[in-house]
Amino acid sequence: MTQRRRRGSGLSWIGPAALSLAAIGAAIWGTRLWLLSQSPSVTQTTPEASAKVLEELETLSQRSSAQAFESARAEQAIRLQTSQSAVDGFAAVYFFPELLPAQSLERDFAYLELKPELAQIRQGQNAREAFRLLENRVTTYELGAAGGLEDLSPEARTFLKIYGRYATGLNRSPADGR
Amino acid sequence: MSAAEARLGVPRALLWCILFQESRMDAFKNAFGDVAAKGMGQFTPNALAEINQDTNHYDSRTLAVMTEVTQPKGLPIDFGLKSRPRVERPGYRKKQLPDQQPTSYFNGRTAVFASAAFLNNRYQQIKRALDRQGVSYDREVLWLYAAAAYNKGSRTVLVLLTDYYLSRGERALSRLLTDGSQSVALLTHEKLLHAALKDLWRKRRRDNYLEEMTRNMQAISSCVNPEIRS
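Residues numbered from 1 in each chain as written. Chains lettered and ligands numbered in written order. Predicted model: local features only at pLDDT ≥ 70, side-chain atom pairs only at ≥ 80, totals over all residues. Heavy atoms only, no water.

**What to know about the overall build of chain B**
Here is step 1 of the chain: When helices and strands are counted, chain B shows eleven helices and zero strands.
Here is step 2 of the chain: Each helix and strand of chain B, placed in order from N terminus to C terminus, yields the pattern α-α-α-α-α-α-α-α-α-α-α.
Here is step 3 of the chain: By principal-axis analysis of the C-alpha atoms, chain B measures approximately 55 × 35 × 30 Å.
Here is step 4 of the chain: Relative to its 230 residues, chain B shows a buried fraction of 54%.
Here is step 5 of the chain: Partitioning the contacts of chain B with sequence separation of at least 6, the portion at a separation of at least 24 is 66%.
Here is step 6 of the chain: Accessible surface, chain B: about 10400 Å² in total, of which carbon and sulfur atoms supply 47%.
Here is step 7 of the chain: In chain B, which carries 34 positive and 23 negative side-chain charges, the distance between the mean positions of the two groups comes to 4 Å. (Helix = DSSP H or I, 4+ residues; strand = E, 2+ residues; numbered from the N terminus. Buried < 20%, exposed > 50% of the residue type's maximum accessible area, 1.4 Å probe, protein only. Contact = heavy atoms within 4.5 Å. Areas by Shrake-Rupley, 256 points an atom, 1.4 Å probe, with all protein chains shown as cover. Lys, Arg positive; Asp, Glu negative; His and termini not counted. Charge placed at Lys NZ, Arg CZ, Asp CG, Glu CD.)

**So, the side chain of Thr158(A)**
Here is step 1 of the chain: Looking at the secondary structure, you find Thr158(A) in helix H8 (residues 154–167).
Here is step 2 of the chain: The residues contacting Thr158(A), other than those within four sequence positions of it, are Leu54(A), Glu58(A) and Phe95(A).

**Considering the packing of helix H6 (residues 107–123) of chain A against H8(A)**
Residues and elements named next belong to chain A.
Here is step 1 of the chain: Viewed as axis vectors pointing N to C, H6 and H8 meet at an angle of 40 degrees, and their least axial separation amounts to 9 Å. For the crossing formed where H6 meets H8, the hand is left-handed. Judged by residue contacts, Leu-114, Leu-118, Ile-121 and Arg-122 of H6 engage Phe-159, Tyr-163, Tyr-166 and Ala-167 from H8.
Here is step 2 of the chain: Classifying every residue of the contact of H6 with H8 gives seven nonpolar, no polar and one charged. (Axes fitted to C-alpha atoms, helices over the stretch in contact; angles between N-to-C directions. Left-handed = near helix turned anticlockwise from the far one by under 90°. Nonpolar A, V, L, I, M, F, W, Y, C, P; charged D, E, K, R; others polar.)

**Details of the interface of chain B and chain A**
Here is step 1 of the chain: Chain B puts 39 residues into the contact, and the matching count from chain A is 36 residues.
Here is step 2 of the chain: Three residues, Asn46(B), Arg155(B) and Asp199(B), lead the burial of chain B against chain A; their summed loss comes to 21% of the area buried on that side.
Here is step 3 of the chain: At the junction of chain B and chain A, the tally comes to eight salt bridges.
Here is step 4 of the chain: Contributing elements (two or more residues each) for the side of chain B that touches chain A: helix H3 (45–53), helix H5 (108–133), helix H6 (139–152), helix H7 (154–168) and helix H11 (203–224) of chain B.
Here is step 5 of the chain: When the residues that make up the side of chain B that touches chain A are grouped by side-chain class, the tally is 17 nonpolar, twelve polar and ten charged. (Buried area = accessible area lost by both parts, 1.4 Å probe. Salt bridge = Lys/Arg side-chain N within 4 Å of Asp/Glu carboxyl O.)

**Some remarks on the state of the cysteines**
All names here are of chain B.
Here is step 1 of the chain: Scanning the model with the defined rule gives one disulfide over all chains in all.
Here is step 2 of the chain: Between the sulfur atoms of Cys-17 and its disulfide mate Cys-223 the distance is 1.9 Å. Taking the torsion about the sulfur-sulfur bond, which here is approximately -80 degrees, the covalent link between Cys-17 and Cys-223 counts as left-handed. With Cys-17 in helix H2 (residues 12–23) and Cys-223 in helix H11, this residue pair connects regions lying 206 residues apart in the sequence.
Here is step 3 of the chain: On the accessibility criterion, Cys-17 (4% relative accessible area) is buried. (Disulfide = S-S within 2.5 Å.)

**Some points on the pattern of salt bridges**
Here is step 1 of the chain: For the structure shown, the criterion picks out 23 salt bridges over all chains.
Here is step 2 of the chain: With a closest N to O distance of 3.0 Å, Glu211(B) and Arg215(B) form a salt bridge. In this pair, Glu211(B) and Arg215(B) are both assigned in helix H11, four residues apart and thus about one turn of the helix distant.
Here is step 3 of the chain: Residue Glu211(B) is classed as partly exposed on the basis of its relative accessible area of 37%.
Here is step 4 of the chain: Look at Arg215(B) and you get partly exposed, because its relative accessible area is 43%.
Here is step 5 of the chain: A network of salt bridges, in which partner residues are shared, links Glu70(A), Arg73(A), Glu98(A) and Arg122(A).

Next comes the structure, spelled out in structure tokens:
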């Protein structure tokens, strides 16, 4: 009897242990999923995905007004954010600052040095002057004092191309009525 | 340079070392020819445009300083030359050129102040980003990062520091930014820079840029403080 009781008590730990292991496993898996959901999508970077996003933005800009482009851009930012799609962090600075990680030291540049001038361009207020400032800021931000324009990144080139067209009015469609 | 330090707070030793590294203090470097970067601080037209058009954007003292330096005309400054040699080729009769107008970047005093203002703008840009994140730093150490940004753009520095911040945390970043030797070691370590900046440029350009950046930072940091070597 005593022996049986001992054997029984010897095996009784298996159930709780298995449950504990399962709970730990679930916790690890849950934490992993949570961490993945928290990590900014901008870190999942591929040059191909970035090039595709830039191409889409450029195509979009060719057939829409500055305001319509901004609305579409904001919608795309939300889509990228929710779908965790791969987008190059470097394109984010110029086109999707919403996707920059909270700790990114580039946020200041995006929000304080680009955003006000972009708003001016969209509203058509001193658009050419605003674009000139934007162009200077992007160029010195990327190249410093001595770099050549040919060294600008693809995203900076696309950015300047798109907003340069808006600033000079080349994108106005008859539907804009201006 | 002492005057630039007094007016804009730029450390004169660092400014001297940058200008020496950029041009060996040659006010007429690349004055004749198609090379975009010209003069003592190797300014491109975009760097000039920042001083001329975005003058007070980073520091509200800059306009007053630059207006005084370029008197009697005042801003803008340009790449104008008072007299040009009959045959223009690199290095030709450079030494016989007269002193230039204060509004020319080829005027030595103007070049020193404009370069100091540009360097200060990089410092203010990096400082502001760190202040907003609440990251502590040592001012002297931060000037080293401003020197790197002068040469390769603030983006390079901010991407590098963001990578450090995201991968190692705020404390580690603060430690880095208060330790001159550690900062020099990072700014001159090609492998670490490659890893942090791998997406910033395509491979070939990155190789050239980082090789140039590490060489410049090695020269500048050992020029400023010969005891700080990587």
